[in-house]
Amino acid sequence: MPSICFYFQVHQPYRIKKYSVFDIGQDHKYFDDENLNEKCNRAVIKKVAQKCYIPTTKVLLDLVHRHPEFKISFSFSGTVLEQLEEYSPEALELFQRLVRTGNVEILDETYYHSLSFFYSDEEFVRQVKMHREKVKKLFNYKPKVFRNTELSYNNELGVLVEKLGYDGIITEGWERYMGDRSPNFVYRPKGANKIKLLLKNYKLSDDVAFRFSNKGWAEYPLYASKFTQWINSINGSGQTINLFMDYETFGEHQWEDSGIFNFLRALPTEVLKHPDNNFKTPSEVIASYDCVDDMDIHNVLTWADTERDLSAWTGNSMQKSSLKKIYELEEDVINSEDISIQEDWRKLQTSDHFYYMCTKWFSDGDVHKYFSPYDSPYEAFISFINVLNDFRFRLDVVKSNL
Amino acid sequence: MKVLMFGWEFPPHNSGGLGTACYGITKALSEKGVEINFVLPRNFGIEEKFLNVIYTRLPKIKMNEVDSLLIAYLNSMSYRKVFLSIEDRKNAENYCGDLIQEVYRYAQVAKEIASEVEHDIIHTHDWMTFPSGIEARRASKKPLLSHVHSTEYDRSGGHGVNPIVFEIEKNGIQEADRVLTVSNFTKNKIIDNYHVESSKIDIIYNAINKSDFNNACFSKNDNFRKTKIVLFLGRLTLHKGPDNFLKAAKKVLDKNKKVIFVISGSGDMNNQIIEQAADLGIADRVLFTGFLRGGDLKNIYKIADLYVMPSVSEPFGITSLEAVASGTPVLISKQSGVSEILNHCLRVDFWDIDDMANKILSVVNYDELGECLSSNGLSEVDKFTWDNAADEIIKSYNAVVNPNKRIAI
């Protein structure tokens, strides 16, 4: 009986180039690396499009044609959509074709993939509206379900998102808050009246997203048939299995030679062999199932790391100081009515900049290192703080001209 | 297992990292049951309980400026400086003969010691002791390990390698049964310049005894001090990069006047560096402390807001670990061995003055950066212990020693 609910996150930030104190006052193009090295934004987008966005979307188009019952959902950050328009129109067109099939739901998020909800409600709402407009423009689609950056969530967010008119919101299914309840049901955010909460089944999601190609994993190699057995075994003890993951899982985090595309190709056939199984988008899940209980999540929950909190973004004093400094400028930036000032300010809010400064596991050289364009969290901070100084200098000039 | 070890300097009578490393290594090895007879060329009056020290009682060489050539870090640049400063060219040539002769006289005595003192392994430290190792091996037929803490290529900064020293180094490395070195950086230099197989070389990273630097005489957050202090500590020689440090200082001071640059150490570039500070117009922001040791050394690390090691070529760079253990953020040259193991630091190419200034300014302008570097660095240095280094050395011993003398780790 369970529904399989897929949601894929598609996001790329505007990475800040190596920016020195001597660039302050001289160079206001923080995100364009003229050296065009392999870590610059254009190169990353082109690489990820080739390895993941284009081939995976082609697989999904094929699956939707072969299985009209196959449903999926996406959330695209505004920053990735802009960069696809500029650097990989081919990938964007494939996404648009896929959405036109009607088997796809698009979720809303903050346009700049920011942590604005935790610093400014007004800025958060502005970015949600910007995102809504971008999705309308590119996909002619009006999202009804919301997801916040890194699935970060608390009760207040559930209530605010309900006020903004959404039917649903999604976050991590984490034992600390669920207790002995299952992520495979629909819940009501504490303090909300109508909106429904979907929880990621992190065990099954991470089997695909993180463990798929791990040869040390007891279940390696993972085939669609085995994965479907696990799904079938939930029958009766759950209504929806929410498989939430980065879209880059396919081809970028798990490479093609790991067999990840074959896994994806085979999965719908295997799942649909069982007559009780089906695929649903988040909105369909919300329409099909009632809330079984209230869910009280008072601290900030995210889908990141073993801590499932914001510590990878706000854990050290460099991160705290950078976030404080960027949001301190809000009033002046909004009052400036200067488009390029506002755009740069928002690009600097993208959560990735703060993630690159994370020192939590830097000694062990783990996954955080792989995703960072900088040699160290300290280099990330130095470029960011120098850029912020140049930005403040520009802002002061605009202010004095008002 | 009994080791016959040949050294050149030992704390407190050391002029740099070689003595510090020998102390850390011998202490940790002796705690693991390795019995060490440590040979030194002259009587330094060392009273360490863990060591049996043997002095060769070589005749003491006459001193004054010539003295500087008797330190562990002789290089051809400093050599030439002294050489040219001595008016009587004939005397200078005599001097050269004296130093090399001392190294060989040491080797002759080493031969006698090796036939008298029981040992299973011979372990030498840097080129001054390599002829001793070769002679000792000839006498006792025991396996020889040559430990390379720095090469002539590092000491000369790549310019004017002294051919005699190079030959001695080459022989020591080629004759050895195993070669130990302090980093991958140095390992590659040895492979390229001395033509030995990679498989013969083991890397033994230097370490730090953190508790030696935990004294709390000074706090960086003293309210009376609004000025930031950036420290250079090392010999004032070309390969340590003090000139680039000053060039970066100039760029920093152009943007932020509230910084003082402290230069600790002495060397053949002493006068040149003082003149350079004056020429750059920053003499009032640069302080020279001379060579520091003991409590003064520990305090200067503590006082500093940033330690900069801008070396042109640094086989390891133990001073940067001393700074980190003192809770001080470090900016280190990418051309150093320590940058292979230390994560919580800032790195720069030694020639990139702009980036050096950029990073110095970032630390002095943003306390949050220094805080993160300091607290994470303090936990990271716990990993770099002499105990671990000794385990690695014992592995190398075990690989060449008579099997019934092996020590379990």
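Because the structure is a prediction, the values reported are computed rather than measured. (Residues numbered from 1 in each chain as written. Chains lettered and ligands numbered in written order. Predicted model: local features only at pLDDT ≥ 70, side-chain atom pairs only at ≥ 80, totals over all residues.)

### Let's talk about the interface of chain B and chain A
Chain B puts 19 residues into the contact, and the matching count from chain A is 15 residues. It is helix 13 (residues 367-380) of chain B that provides the largest number of residues to the side of chain B that touches chain A, a total of seven residues. Here the side of chain B that touches chain A is built from residues that sort into six nonpolar, five polar and eight charged. (Contact = placed C-beta atoms within 7 Å. Helix = DSSP H or I, 4+ residues; strand = E, 2+ residues; numbered from the N terminus. Nonpolar A, V, L, I, M, F, W, Y, C, P; charged D, E, K, R; others polar.)

### A short note on the pairing of strand 10 (residues 286-290) of chain B
Judged from the four bridges that link them, strand 9 (residues 259-264) of chain B and strand 10 of chain B form a sheet pairing that is parallel. In the sheet register, phenylalanine 261 of chain B faces strand 10 of chain B, and the bridge partner there is valine 286 of chain B. (Pairing = 2+ DSSP bridges.)

### Observations regarding the sheet that holds strand 7 (residues 201-203) of chain B
Residue and element names in this part refer to chain B. The strand order across the open sheet built from seven strands is 3-2-1-4-5-6-7, with neighbouring strands paired in parallel fashion. Of all the strands in the sheet, the pair left with one neighbour each is strand 3 (52-55) and strand 7. Averaged over all pairs of adjacent strands, the angle between strand axes in this sheet comes to 25°, irrespective of strand direction. As paired elements, strand 2 (residues 35-40) and strand 3 share four bridges and run parallel to each other. Counted as the bridge partner of asparagine 37 is asparagine 52 from strand 3. Relative to the sheet, helix 1 (residues 17-31) contacts strand 1 (2-6), strand 2 and strand 4 (121-125), its axis offset from that of strand 2 by approximately 155°. (Axes fitted to C-alpha atoms, helices over the stretch in contact; angles between N-to-C directions.)

### A look at helix 9 (residues 260-273) of chain A
Residues and elements named next belong to chain A. The terminal C-alpha atoms of helix 9, which comprises 14 residues, lie 20 Å apart, in line with the 20 Å expected from a rise of 1.5 Å per residue. In the structure, helix 9 departs most strongly from a straight axis at leucine 267, where the bend amounts to approximately 35° and where the proline proline 268 lies between one and four residues downstream. Buried residues of helix 9: Ile260, Phe263, Leu264, Leu267, Pro268 and Val271, and no others. Each element contacted by the buried residues of helix 9 is listed here: strand 1 (3-10), helix 1 (41-66) and helix 8 (224-232). (Expected span 1.5 Å × (residues − 1). Bend = angle between axes of the 7 residues up to and from the residue. Buried ≥ 20, exposed ≤ 12 C-beta atoms within 10 Å, placed from the backbone.)

### Re the environment of glutamate 284 of chain A
Mapped onto the elements, glutamate 284 of chain A comes out in helix 10 (residues 282-288). The sequence separation of glutamate 284 of chain A and cysteine 5 of chain A amounts to 279 residues, and the corresponding C-alpha distance is 9.1 Å.

### Observations regarding the domain arrangement of chain A
Residue and element names in this part refer to chain A. Examined at the domain level, chain A breaks down into domain 1 (3-295) and domain 2 (316-401). Contacts between the two partners involve 26 residues from domain 1 and, on the opposite side, 20 residues from domain 2. Of the residues assigned to the side of domain 1 that touches domain 2, the class counts are eleven nonpolar, nine polar and six charged. (Domains from an automatic or database assignment.)

### What about unusual backbone geometry?
For the peptide bond that leads from tyrosine 220 of chain A to proline 221 of chain A, omega is -5°, which places it in the cis range. The peptide bond linking proline 11 of chain B to proline 12 of chain B adopts the cis configuration, its omega dihedral lying at 5°. Examined against the element boundaries, proline 12 of chain B turns out to sit in the loop between strand 1 and helix 1. With phi around 55°, leucine 151 of chain A is a residue other than glycine that occupies positive phi space. Assignment of secondary structure puts leucine 151 of chain A in the loop between strand 4 (145-147) and helix 5 (155-163). Of note, histidine 195 of chain B is a non-glycine position whose phi angle comes to about 55°, a positive value. Residue histidine 195 of chain B is classed as exposed on the basis of its C-beta count, with 10 C-beta atoms lying within 10 Å.

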